Amino acid sequence: MFETFTDPTLPIEERAKEFATAWHGSINQVRQYTGEPYITHPAAVVEIVRSVTNDPVMLAAAWMHDVLEDTPCTHIDMEAEFGAEVTDLVIELTNVATRKDGNRATRRAIDRAHTAQASPRAKTIKCADVIHNLSTILDAPRDFAIMYVREKMLLLEVLKEADPRLLKRAQDTVQWALDSLGLTEPAAVA
């Protein structure tokens, strides 16, 4: 178990920020195409979520949305620190497919099916994640960027129960990315 030493008297969001910073920092994780410290991504996702809610559980989960997926942290570590409600929300946000499940398209289909079953709270955070990830996608090699944007188009189809403001913003961001890449397919979800 990783010791984060978060202060239990701090508000849950501050504890989640410390927890995520410690775990992502423990593996020296950086953003793939920008080289920024990884924690800049959860911080941006939190601010996007905060634009539609001040729900402390959602904000805590937004800070930690990639911790289980990207670091050695387990759901047991997280639940010991934050309890079931926050941990369960993070689990809803965590991709479940592994390399053993097949090629990238197959894995993304498995992850979409998992996300389709998620709560509206998780889908709202996932929209914020899409918005921020796409904001830097043009830094990636063009072929990867095209594939990634198309994956996010498919993901939007299962996010319809998200906060409508963030869903619309995610749709607009996907459309911006498509336009920026010179692609003609529409990004709107009916």
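Before reading further, recall that the structure is shown in the block above.
Residues numbered from 1 in each chain as written. Predicted model: local features only at pLDDT ≥ 70, side-chain atom pairs only at ≥ 80, totals over all residues. Heavy atoms only, no water.

### A closer look at the packing of helix α2 (residues 40-50) against helix α7 (residues 120-135)
(1) Moving on: Packing of α2 against α7 brings their axes to within 9 Å, and their N-to-C directions diverge by 125°. With respect to their mutual orientation, α2 and α7 come out oblique. The two elements α2 and α7 cross, and the hand of that crossing is right-handed. Contacts between α2 and α7 involve T40, H41, A44, V45, I48 and V49 from the first element and I125, A128, D129, I131, H132 and N133 from the second.
(2) Moving on: Here the contact of α2 with α7 is built from residues that sort into 7 nonpolar, 4 polar and 1 charged. (Axes fitted to C-alpha atoms, helices over the stretch in contact; angles between N-to-C directions. Helix = DSSP H or I, 4+ residues; strand = E, 2+ residues; numbered from the N terminus. Parallel < 35°, antiparallel > 145°, perpendicular 65-115°, else oblique. Left-handed = near helix turned anticlockwise from the far one by under 90°. Contact = heavy atoms within 4.5 Å. Nonpolar A, V, L, I, M, F, W, Y, C, P; charged D, E, K, R; others polar.)

### Comments concerning the layout of surface pockets
Unoccupied space between atoms shows up once a probe the size of one water molecule is rolled over them.
(1) Moving on: Looking at the largest pocket, its volume works out to about 1100 Å³.
(2) Moving on: Contributions of two or more residues to the lining of the largest pocket are made by α4 (67-70), α6 (104-116), α7 and α8 (142-156).
(3) Moving on: Among the elements that line the lining of the largest pocket, the one with the most residues is α6, at 6 residues. (1 Å grid on protein atoms, 1.4 Å probe; cavity = no way out; pocket = protein on both sides within 12 Å on 5 of 7 lines; lining within 4 Å. Points joined across faces, edges and corners; volume = space filled by probe spheres on them.)

### Focus: unusual backbone geometry
(1) Moving on: At N28, a position not held by glycine, the phi torsion is positive, near 50°.
(2) Moving on: When you line up the elements, N28 lands in the loop between α1 (12-26) and α2.
(3) Moving on: A relative accessible area of 65% places N28 in the exposed class. (Buried < 20%, exposed > 50% of the residue type's maximum accessible area, 1.4 Å probe, protein only.)

### Quick word on α8
Residue pairs three or four apart in sequence face the same way in an α-helix, which turns once every 3.6 residues.
(1) Moving on: For α8, spanning 15 residues, the distance from its first C-alpha to its last is 21 Å, which sits close to the expected 21 Å at 1.5 Å a residue.
(2) Moving on: Every buried residue of α8 is accounted for by A145, I146, Y148, V149, E151, K152, M153, L155 and L156.
(3) Moving on: Looking at the packing, one finds that the buried side of α8 touches α6, α7 and α9 (164-180). (Expected span 1.5 Å × (residues − 1).)

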